[in-house]
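# Coordinate analysis (summary)
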Amino acid sequence: MSGPSFPEAERFEAVVRDGRPARRFNFRHETSSTQDLAWTMAERGAPDGSVALAERQTAGRGRRGRAWDSPAGAGLWFSRVVRMAPPAPELGLVVAATALAVAEGVERASGVRALLRWPNDLLVGERKLAGLLADARDWDPRAPLLILGIGINLGQGEDDFPDDLRGVATSVAMERGGGKPVDPAAVLEAVLDALDERLAQAADASRHDALDEAYGARAALLGRNVTAFEGDREHEGVLESVSPREGVLLRKPDGTTVTLRPELARELRGV
Ligand code: BTN
């Protein structure tokens with residue numbers, strides 16, 4: 001596999017702990033899913049910001065019950081424990097803040113600019129660079145705890161992806177061409193820093209406008225014909241705007257507009 005070599009666990013540990021003494025870090029060369037590892041850490045009292053990271057996942061999970069391909073040394077596969085002071089914001093806003101932070105961190109560390117396909121895919125062009133999974137179990141706004149699972153493709157070349165992802169997925173290495181390989185620890189650090197900042201923004205209602213605006217400014221598929229899925233219903237139209245607070249605004253072929261509430265708009269696809 002081309003791309004970056006996987007640095008030693010100590011480098012990751014230094015990144016997670018640097019300046020953040022309360023954080024716990026759990027690195028495994030192999031685990032089923034870092035989501036499970038992070039839940040175990042949370043159940044044992046791990047504080048906000050704690051991170052579970054694996055070189056390889058044997059049963060990586062994606063959204064909607066899909067598997068997440070997580071081979072050794074190809075990407076960053078990690079989960080962050082999130083504890084917020086009650087009352088918590090809408091879960092959707094936390095997820096939007098996370099997607100935005102991942103895109104910003106990746107861009108800062110690698111120069112690769114990904115856009116956000118509602119609600120939380122990171123795309124470069126038409127291809128998926130990274131995804132995130134928010135696992136809130138029984139989300140209780142009075143004791144908000146969730147695990148954010150983040151998968152970022154870093155080192156794969158086209159041939160490293162399984163058949164069903166070829167032409168659909170991309171990696172930082174592919175987007176940077178044959179240039180200098182990206183340092184996974186640097187990407188992890190930039191993403192964790194951006195997450196700290198954007199999650200703090202999500203926790204502060206007076207900063208929600210700025211968060212909403214930043215997400216909207218990075219939205220993918222604007223001006224394109226899309227299909228939006230709302231429960232079992234499908235809507236087609238031109239994507240006019242995307243907002244974690246207001247939802248997804250489409251202009252339909254007859255010229256009228258429809259807004260899908262953020263909690264109901266579950267997926268967008270380019271037509
Ligand atoms: C998606 O886009 O479908 C979400 C992908 C989330 C993948 C990450 S990798 C780290 C964490 N552990 C998992 O099992 N899944 C998430």
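Here we summarise the structure given alongside this text. (Residues numbered from 1 in each chain as written. Predicted model: local features only at pLDDT ≥ 70, side-chain atom pairs only at ≥ 80, totals over all residues. Heavy atoms only, no water.)

## With respect to the packing of helix 3 (residues 91-110) against helix 6 (residues 208-217)
A pair of packed helices is captured by two measures, namely the crossing angle of their axes and the spacing between those axes. Put simply, helix 3 and helix 6 touch, their axes get as near as 10 Å, and they point 55 degrees apart. Comparing the axis directions of helix 3 and helix 6 gives the class oblique. At the point where helix 3 passes helix 6, the crossing takes the left-handed sense. Taking contact as the criterion, the partners of Leu 93, Ala 96, Ala 97, Ala 99 and Leu 100 in helix 3 are, on helix 6, His 208, Leu 211, Ala 214 and Tyr 215. Grouping the amino acids of the contact of helix 3 with helix 6 by side-chain chemistry returns eight nonpolar, one polar and no charged. (Axes fitted to C-alpha atoms, helices over the stretch in contact; angles between N-to-C directions. Helix = DSSP H or I, 4+ residues; strand = E, 2+ residues; numbered from the N terminus. Parallel < 35°, antiparallel > 145°, perpendicular 65-115°, else oblique. Left-handed = near helix turned anticlockwise from the far one by under 90°. Contact = heavy atoms within 4.5 Å. Nonpolar A, V, L, I, M, F, W, Y, C, P; charged D, E, K, R; others polar.)

## So, the pairing of strand 11 (residues 257-260)
Where burial is concerned, the two faces of strand 11 differ: the one with Val 258 and Leu 260 is buried and the one with Thr 257 and Thr 259 is not. Taking the residues between adjacent antiparallel strands as the criterion, strand 10 (residues 247-251) and strand 11 are bridged by five residues, where Gly 255 takes a positive phi near 95 degrees. (Buried < 20%, exposed > 50% of the residue type's maximum accessible area, 1.4 Å probe, protein only. Pairing = 2+ DSSP bridges.)

## A closer look at the sheet that holds strand 1 (residues 25-31)
Strands pair in a sheet through their backbones, by hydrogen bonds, and they do so in one of two ways: parallel or antiparallel. Taken in spatial order, the seven strands make up an open sheet running 1-2-3-7-6-5-4, and their pairing is mixed. The sheet terminates laterally at strand 1 and strand 4 (115-117), the two strands that pair on one side only. Across the sheet, the mean angle from the axis of one strand to that of its neighbour is 20 degrees, orientation sign disregarded. Examined bridge by bridge, strand 1 and strand 2 (residues 51-57) share six bridges and lie parallel to one another. Paired with Arg 28 across the strands is Ala 54, a residue of strand 2.

## Details of the sheet that holds strand 12 (residues 265-270)
An order of 11-10-9-8-12 is seen for the five strands of this open sheet, with the pairing classed as antiparallel. Each end of this open sheet is capped by a strand with a single partner; those strands are strand 11 and strand 12. On average, each strand axis in the sheet is inclined to that of its neighbour by 45 degrees, with strand direction left out of account. As defined by bridge partners, strand 10 adjoins strand 11 across four bridges and the pair is classed as antiparallel. Across the sheet, residue Arg 251 finds its bridge partner in strand 11, namely Thr 257.

## Notes on the site of the ligand
If you check the shell around the ligand, you find 20 residues, and the closest are Ser 33, Gln 57, Arg 61, Arg 63 and Lys 128. Gln 57 has a polar side-chain atom sitting 2.8 Å from a nitrogen atom of the ligand. Residue Lys 128 places a side-chain N or O atom 2.5 Å away from an oxygen atom belonging to the ligand. In isolation the ligand has 420 Å² of accessible area, and contact with the protein removes 99% of it. Contributing elements (two or more residues each) for the shell around the ligand: helix 2 (34-43), strand 3 (75-83), strand 6 (127-135) and strand 7 (145-153). Counting residues per element, the shell around the ligand draws most heavily on strand 6, which supplies four residues. For the shell around the ligand, the residue count by class is six nonpolar, ten polar and four charged. (Near = heavy atom within 4 Å. Polar contact = N/O pair within 3.5 Å; in protein donor to acceptor, adjacent residues only side chain to side chain. Areas by Shrake-Rupley, 256 points an atom, 1.4 Å probe, with all protein chains shown as cover.)

## Some remarks on helix 6
All of the buried residues along helix 6 are His 208, Leu 211, Asp 212, Ala 214, Tyr 215 and Gly 216. Its buried side turned inward, helix 6 meets helix 3, strand 4, helix 5 (184-202) and strand 9 (233-243).

## Quick word on the side chain of Ser 171
If you trace the backbone, Ser 171 turns up in the loop between strand 7 and helix 4 (172-175). The class of Ser 171 is buried, set by a relative accessible area of 0%. From its side chain, Ser 171 meets the backbone nitrogen of Met 174 in a polar contact 3.1 Å long. Ignoring any residue separated from it by four or fewer positions in sequence, one finds Ser 171 in contact with Leu 129, Asn 153, Leu 154, Gly 155, Gln 156 and Phe 161.

## Describing the pairing of strand 7
With eight of nine residues buried, strand 7 is to be regarded as a mostly interior element. Pairing analysis gives nine bridges linking strand 3 to strand 7, with the strands arranged antiparallel. For Arg 83, the partnering residue across the bridge sits in strand 7 and is Leu 145. In terms of strand pairing, strand 6 meets strand 7 through six bridges, oriented antiparallel. By the bridge assignment, Leu 133 is partnered in strand 7 with Gly 149.

## Observations regarding the pattern of salt bridges
Taken as a whole and assessed by the stated rule, the structure comprises 23 salt bridges. In this structure, the salt-bridge partner of Arg 218 is Glu 107, at a minimum N-O distance of 2.5 Å. You can see Arg 218 sitting in the loop between helix 6 and strand 8 (225-230) and its partner Glu 107 sitting in helix 3, a full 111 residues away along the chain. With relative accessibility at 7%, the residue Arg 218 sits in the buried group. We note a salt bridge from Arg 142 to Asp 140, for which the minimum N-O separation is 3.1 Å. (Salt bridge = Lys/Arg side-chain N within 4 Å of Asp/Glu carboxyl O.)

Keep in mind these values describe shape, not function.
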